[in-house]
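Summary of the model geometry
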Amino acid sequence: MGVVGCIFRRRSFPCLIEIKDWALPVPHSEGLDGDSTLSHAIPDELLRRFDVPGPRYTSYPTADRFVEAFNESDYIQALEQRRVGSMALPLSLYVHIPFCESVCYYCACNKVITRHHSRAAEYLRYLTREVELQVAHVGKGHSVSQLHLGGGTPTFLSDAELDDLMSMLRRHFTLVPGGEYSVEVDPRTVTEDRLKALARMGFNRLSFGVQDFDPAVQKAVHRIQPAEQVFELVAAARRIGFESVNVDLIYGLPLQTPESFKRTLAQVNELRPDRIALYGYAHLPSRFKPQRRISAAELPSAGDKLTMLSTSLDALMDAGYVYVGMDHFALPNDALAVAKRQGRLHRNFQGYSTQPDCDLIALGVSAIGRIGATYSQNAKTLEEYRDLLDQGRLPIVRGLALTRDDLLRRAVIMSLMCQGEVQFESIELGHLIDFCSYFARELQVLEGLASHGLVRLSPSGIQVTEAGWFLVRAIAMVFDKNLQVDRDRARFSKII
């Protein structure tokens, strides 16, 4: 039975997400295909309608669903099972460095603010202990095709400490040629010489935190870094030969205006990084203490924030960037844009990736990993992290063993997020279900989204339209079983 027939036959089912909550006149279909800009692809009123809180889907189920009942023994069991059945597959590594010298008021990351760099040496000793415990179960010398250092500020560590960290990882794992080895860089903490040192250590990708070039905005968020400094570092990175340079931007910060952010976009287009991550600021001061230093009165209005997004998308695509999906842009010849064209895009806790969907070992305080059909998270405080390692235990404090339904929904959500489509036959063969029967209610909701031009439904599958790519989180949310029973979404940032 085709998808449309399935939808019309099951009108008696209540919608899991109220279509009436999102009801709008159907937008004109013009501009939904081809190389149009956002202003032609999707009306502003539709963006406003779908600007609801929702997950970013770096995993499914999302991390807020992790439970403390999942512990070290469950994680070790997953590692041992992997050792038996998946030894040939490469691993991904994530290392969390929590330290920062000063606080950025918008930040929602797990971090430790300190100017005492001596704390880094102790932290590296504990990271070594954690790696040794991991390797005891996963096996020494296992191949790694993806490594990411995040934070905090990884470049809080000295060159010697970073070199020691990379040497330690190489003693226990094998970093394969052609892998993605990236590090987040605070431009205020590096020089060209430091970038050369990072290249010698084996890093081939950099991500610079810029956020905004406007001096008033930088002062308002306590992150002052002259544009000239960033331009010099990006130029140096290109001379040194880094394969890809990413720049992070945030719209919706205090004192930002559509006009000021347009100037930042012009500077970014002049800078021309290989990749751009464009995030909407989520003001959640009840959850993140540094944000309490931001005056809500200085935040741009919802209308101005929407204008910034629309202007950003138009400006970046006019400059030749490809919209990869959900906040990410890349130049056409960048590996991320190529992977999207070829249908090889993947997604993990670090965002979009060209690497296969491999198991992720997470190291350091608060780090989240994935092994097989499980997710796990380390202790969120340094004290608990150190205490567990002092006991000779892995610092796992919570996680989740995925059910059959979780695995099915993860496959659908990741297919939407990465490929922009779902082929029913592929899901049915992989999970032994009848798609139209299993997801009858979800398909009802998608019919409403189809009327707004966000998806196309056919007897063989679901296709995200060009307009739908800008709201792909909303489309993925339709298949999130947890959101269907939990209407409290305030813990998530808004889609826009």
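Anything mentioned here points back to the structure above.
This report concerns the structure included in the present document. Computed from a predicted structure; not experimentally measured.

One way to put it is that helix 5 (residues 118-138) packs onto helix 13 (residues 382-390) with a least axis distance of 10 Å and a crossing angle of 45°. The orientation of helix 5 relative to helix 13 falls into the category oblique. In this structure, helix 5 meets helix 13 at a crossing whose hand is left-handed. Within the contact between the two elements, helix 5 uses R119, E122, Y123, Y126, L127, R129, E130 and L133 and helix 13 uses L382, Y385, R386, L389 and D390.

One ladder, built from seven bridges, connects strand 4 (residues 142-151) with strand 5 (residues 173-185); its direction is parallel. From the neighbouring strand, V144 faces strand 5, where its bridge partner is L175. Pairing analysis gives four bridges linking strand 5 to strand 6 (residues 205-211), with the strands arranged parallel. Residue V185 lies in a different strand from strand 6, and its bridge partner there is F208.

What follows deals with the sheet that holds strand 17 (residues 421-423). Across the sheet, three strands lie side by side as 17-19-18; this open sheet has antiparallel pairing. Each having just a single partner strand, strand 17 and strand 18 (455-458) make up the two edges of the open sheet. Taking the axes of each pair of neighbouring strands and ignoring which way they run, one obtains an average angle of 15° across the sheet. As paired elements, strand 18 and strand 19 (residues 461-464) share four bridges and run antiparallel to each other. Along strand 19, the bridge assignment pairs S458 with G461. Its contacts with the sheet put helix 15 (residues 424-431) on strand 17, strand 18 and strand 19, and the angle it makes with strand 17 is roughly 60°. In the packing of helix 17 (residues 440-451) onto the sheet, contacts are made with strand 18 and strand 19, and the angle to strand 18 comes to roughly 125°.

Turning our eyes to something else, we now look at the packing of aromatic side chains. Geometry of an aromatic ring pair is reported as the spacing of the ring centres plus the angle between the planes. Tallied over the full model, the rule gives 13 aromatic pairs. Geometrically, the ring pair formed by Y438 and F439 is edge-to-face, given 5.0 Å between the ring centres and 65° between the ring planes. The exposure class assigned to Y438 is partly exposed, which follows from its relative accessible area of 31%. Here a set of aromatic residues connected by ring pairs shows up, and it is made of F424, F435, Y438, F439 and F479. The ring of W469 has K340 sitting right over it, with the charged end atom 4.1 Å from the ring centre.

Parameters at a glance
Think of each chain on its own: its residues are numbered from 1, step by step along the sequence as written. In keeping with the model being predicted, local features are shown solely for residues with a pLDDT of at least 70 and side-chain atom pairs are shown and tallied solely at 80 or more, while totals for entire chains, interfaces and linings include all residues. Excluding hydrogens and water, the side-chain figures rest on all heavy atoms present in the structure. Orientation is described by axes fitted as lines to C-alpha atoms, over the contacting stretch for helices, and by angles from 0 to 180 degrees between their N-to-C directions. Every helix listed is a DSSP run of H or I at least four residues long, and every strand listed is a run of E at least two residues long, numbered separately from the N terminus. Put simply, angles under 35 degrees are roughly parallel, angles over 145 are roughly antiparallel, angles from 65 to 115 are roughly perpendicular, and the rest are oblique. Two helices that cross are described as forming a left-handed crossing if the nearer one is turned anticlockwise from the farther one by less than a right angle, and a right-handed crossing if clockwise. Only heavy atoms enter the contact rule, under which two residues are in contact if any of them lie within 4.5 Å. A pair of strands counts as paired when DSSP detects no fewer than two bridges linking them. In this scheme Phe, Tyr and Trp rings, the latter by its six-membered ring, pair at centre separations within 6.5 Å, and the angle between planes marks the pair as stacked below 30 degrees, edge-to-face above 60, and tilted otherwise. Using a 1.4 Å probe on the protein chains alone, a residue whose accessible area is under 20% of its type maximum counts as buried, one over 50% counts as exposed, and one in between counts as partly exposed. Any Lys NZ or Arg CZ that is within 6 Å of a ring centre and within 35 degrees of that ring's normal is treated as a charge sitting over the ring.

By themselves, these figures tell us nothing about what the structure is for.
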